[in-house]
Amino acid sequence: MRTFLISILLFCAFLKMNAQNISLGNVTIAQLEEKRHPKDSAAVAAILYSNIAIDLNANGNSQKTTTKKVKIYKSEGYNLSNVLIYFAAGKLSYINIVSAYTYNLVDGKIVKTKLKPENEFIEKTNSSYWIKKIAFPEVKEGSIIEYQFTEEGGFSSLYHWNIQENIPVNYSELKTTLPDAFEFKRNLKGFFPPKITSKIANTYNYIATETTYVFQNLPAMREEAFVNNMDNYRTGISLELERIAVPGQFYKTFSSDWTSVAKTIYDFDSFGVELNKSGYFEDDLKVVLQGKVKPDAKITAILEYVKSNVKWNQRNGYSCEKGVRKAYKEKTGNSADINLMLTAMLRAAKLTANPVLISTRSNGIAYFPNLNAFNYVIAAVETGDEMILLDATDPYSTPNVLPLRDLNWIGRLIRKDGTSESIDLAPKKFAADNIAVDYTIEAGGRINGKVRCQYTEHKAMNCRNSFENLKEDAYLDNLENKYDKIEISDYSRTNEKDVLLPAVESFSFTSTNLCEVIGDKIYVKPMLFFASTKNPFKQETREYPVDFGFPFLEKYNISIRIPEGYTLETVPLAGVLVMEEDLGVFRYNIAVNDNVMQLLVSHQINSSIISREQYGILKDYYKEMITKQTEKIVLKRI
């Protein structure tokens, strides 16, 4: 036991000494000489030291001190020398730059360059927050930048901290000093737990607890294909205020589970009260519902009415910004203004409609119960056993076809009586691409053909948004480049605005780049530019789930006309590739009749989310599918 205690003491002393050696101001020649990160040679930079200290006083005001030391290894890391500090609009006096320096090694000596006043900028972003920008001088490969600043604030600064970054973090420390009258729930996320120590802070005229979280040697977050939001998996800490208890003076309990979070939000004047307002739309709603009897007809009519009459101002929120009455009059509002209005109209139409709180993809997954877990609201209608989800902020949404930003695991439905339940946001129907291609191969290698693409569900929504965001000339330029620089003509669209029908686009094309002519033979991939050529899943292992957003089905019906004087020498074999655990299936069928070849191909993914444990199955599937799609037919001159 004595040996064990001595070992623990020595270890703690090492941690303390290590932190002191890398803290603010202690830049060494060895640190500046370091050419690459010892554990990640690909790193463009690294956090040598990070410290965040939060001191909350008995009045609920806090001071936050942030200290960082960053090593720049490569020029790609120069952007880290531009530091952004976000703060409440108009509260510039609450931000104080204590220290900011760049260190370089010149002729074997350390040269320290101080941040100049002209390298500090304020960007007045909007009415909610501003940004203080710091541009460090004399930054080169090998430089070290360090800075410290303080912020004053309240409980808002005690919400969440992401500790892991896109570069390695050698040492990071978070220290909170919180009066015992304020009780917080602590939530940890990510794969790397901290070393946690706590003690009573006796330097105040009230009892407080000082807690320190130490992280060491955190690897860089690596981007992976088809990830919902990298921050969902980033190692971090959040604190949620549970209660304030001042003996004999004050006691208040705050949200501690999803039920109480939902009820608290519903009771807000900017939420539940807004749902009870209906006088502003009653006359208009009678016109909208005229002749509509079935629930589906009512739902579609009301959704289309709200979409066409009130435009989204691009701002999220579950609390109304203007209020439903003003938003209706001014024909614009945030997500709550629009979707609470939608819910109220659905209720007025005698439908069982309720709001659903969600966290958008950019806000991250709602892991832990707290008021900031949600940042958006949509509507839901219960018709028998079916739950129909609606969002009127997107002009091309339809029942159960929500914008991609909404598709973030689960939401929380709240009923009038205050009860709530979890709602699965994952789409149940396949989003389909149905593509018909008819082309002719000429003896010289030119290909001429026609394409008709039909899109449904989320594929149709994405297609229509692409139509709207680009002028037709720019859209066609992108399409020609995407499809191996073909030349497109006779382009047309059908059902561009009629969201209840599939979106359709058709065009003719010609190209001399799709065939390879060698001697008396012609080589061509029968799927042409629709063949997948690169596997998006190249890593040996996967850290995060694969998120496709929605299940999908791609179907190709391709007719190929062989030129006169040629015969088929080689034809790919038909085949079926089935993923384990019913994750997906790929089918490839080919038939030849005289001089026409018929190819039927389908690629189907059955689940919008594939777990990291299933990654190997998915990777192998894509590898085999791409091999099949890129096989060539060989035509030989007779």
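Residues numbered from 1 in each chain as written. Predicted model: local features only at pLDDT ≥ 70, side-chain atom pairs only at ≥ 80, totals over all residues. Heavy atoms only, no water.

Let's hear about the pattern of salt bridges: which residues, and what values?
Counted according to the given criterion, the structure contains 30 salt bridges. The closest approach of N and O atoms between Glu 304 and Lys 307, which form a salt bridge, is 2.8 Å. In this pair, Glu 304 and Lys 307 are both assigned in helix H6 (residues 295-309), three residues apart and thus about one turn of the helix distant. When its relative accessible area of 28% is taken as the criterion, Glu 304 is described as partly exposed. Since its relative accessible area comes to 6%, Lys 307 is described here as buried. Each member of the salt-bridge network shares a partner with another, and the members are Lys 322, Lys 326 and Glu 330. (Salt bridge = Lys/Arg side-chain N within 4 Å of Asp/Glu carboxyl O. Helix = DSSP H or I, 4+ residues; strand = E, 2+ residues; numbered from the N terminus. Buried < 20%, exposed > 50% of the residue type's maximum accessible area, 1.4 Å probe, protein only.)

Residue-level account of the pairing of strand S10 (residues 169-179), with values.
The element S10 is extensively covered by neighbouring structure, given that nine of its eleven residues are classed as buried. Bridge count for strand S1 (residues 45-56) against S10 is seven bridges, and the pairing is parallel. Across the sheet, the residue bridging to Ile 54 is Thr 176, located in S10. In this structure, S10 lies alongside strand S13 (residues 208-218), joined through ten bridges in antiparallel fashion. Pairing of Val 169 across the sheet is with Leu 218, part of S13. (Pairing = 2+ DSSP bridges.)

Tell me what's going on with the layout of surface pockets, and back it up with residues and numbers.
The volume enclosed by the second largest pocket comes to roughly 1,100 Å³. Lining the second largest pocket we find 35 residues, and of these Asp 433, Lys 459, Lys 482, Tyr 483 and Glu 554 sit closest to its centre. Breaking the lining of the second largest pocket down by element, the ones donating at least two residues are strand S23 (431-441), strand S24 (447-455), helix H9 (457-469), helix H10 (472-482), strand S30 (552-561) and helix H11 (615-629). (1 Å grid on protein atoms, 1.4 Å probe; cavity = no way out; pocket = protein on both sides within 12 Å on 5 of 7 lines; lining within 4 Å. Points joined across faces, edges and corners; volume = space filled by probe spheres on them.)

Tell me what's going on with H6, and back it up with residues and numbers.
Across its 15 residues, H6 extends 21 Å between first and last C-alpha, which sits within 8% of the 21 Å expected from 1.5 Å per residue. Among the residues of H6, Lys 298, Ile 299, Thr 300, Ala 301, Ile 302, Leu 303, Tyr 305, Val 306, Lys 307 and Asn 309 are the ones counted as buried. Those residues of H6 that are buried lie in contact with helix H5 (282-288), strand S16 (311-312), helix H7 (324-330), helix H8 (335-348), strand S19 (376-383) and strand S20 (386-390). (Expected span 1.5 Å × (residues − 1). Contact = heavy atoms within 4.5 Å.)

I'd love a proper account of the sheet that holds S30, names of residues and values included.
Read across the open sheet, the eight strands follow the order S25-S26-S24-S23-S30-S34-S33-S32; overall the sheet is mixed. Two strands close off the open sheet at either side, each with one partner strand: strand S25 (487-494) and strand S32 (575-578). When the angles between neighbouring strand axes are averaged without regard to direction, this sheet yields 10°. In terms of strand pairing, S30 meets strand S34 (residues 596-605) through ten bridges, oriented antiparallel. Across the sheet, Tyr 556 pairs through a bridge with Val 601, a residue of S34. (Axes fitted to C-alpha atoms, helices over the stretch in contact; angles between N-to-C directions.)

Before we move on, could you go through the side chain of Thr 393 and cite the residues and values that matter?
Within the secondary structure layout, Thr 393 lies in the loop between S20 and strand S21 (410-414). There is a polar contact of 2.9 Å between the side chain of Thr 393 and the side chain of Tyr 376. Engagement of the side chain of Thr 393 in a polar contact is seen with the side chain of Asp 391, the distance being 2.8 Å. Leaving out residues up to four positions away in the same chain, Thr 393 has contacts with Trp 312, Ser 335, Ile 338, Asn 339, Tyr 376, Pro 403 and Arg 405. (Polar contact = N/O pair within 3.5 Å; in protein donor to acceptor, adjacent residues only side chain to side chain.)

Outline a negative patch on the surface, supporting the account with residue identities and numerical values.
A cluster of acidic residues, Glu 580, Glu 581, Asp 620 and Glu 624, forms a negative patch at the surface. By secondary structure assignment, the location of Glu 580 is in the loop between S32 and strand S33 (584-593). (Patch = residues over 30% accessible without salt bridge, like charges linked within 9 Å, V, L, I, M, F, W, Y side chains within 5 Å. Areas by Shrake-Rupley, 256 points an atom, 1.4 Å probe, with all protein chains shown as cover. Lys, Arg positive; Asp, Glu negative; His and termini not counted. Charge placed at Lys NZ, Arg CZ, Asp CG, Glu CD.)

Explain the sheet that holds S13 to me, using residue names and the numbers behind them.
Here eight strands make up an open sheet; going across it, the order is S5-S4-S8-S2-S1-S10-S13-S12 and the pairing mixed. Bordering the open sheet on either side are strand S5 (109-114) and strand S12 (195-201), each of which pairs with just one other strand. Across the sheet, the mean angle from the axis of one strand to that of its neighbour is 15°, orientation sign disregarded. Sheet topology places strand S2 (residues 62-72) next to strand S8 (residues 144-153); ten bridges connect them, and they run antiparallel. Among the inter-strand pairings, Lys 68 is bridged to a residue of S8, identified as Tyr 147.

None of this, on its own, says anything about what the molecule does.
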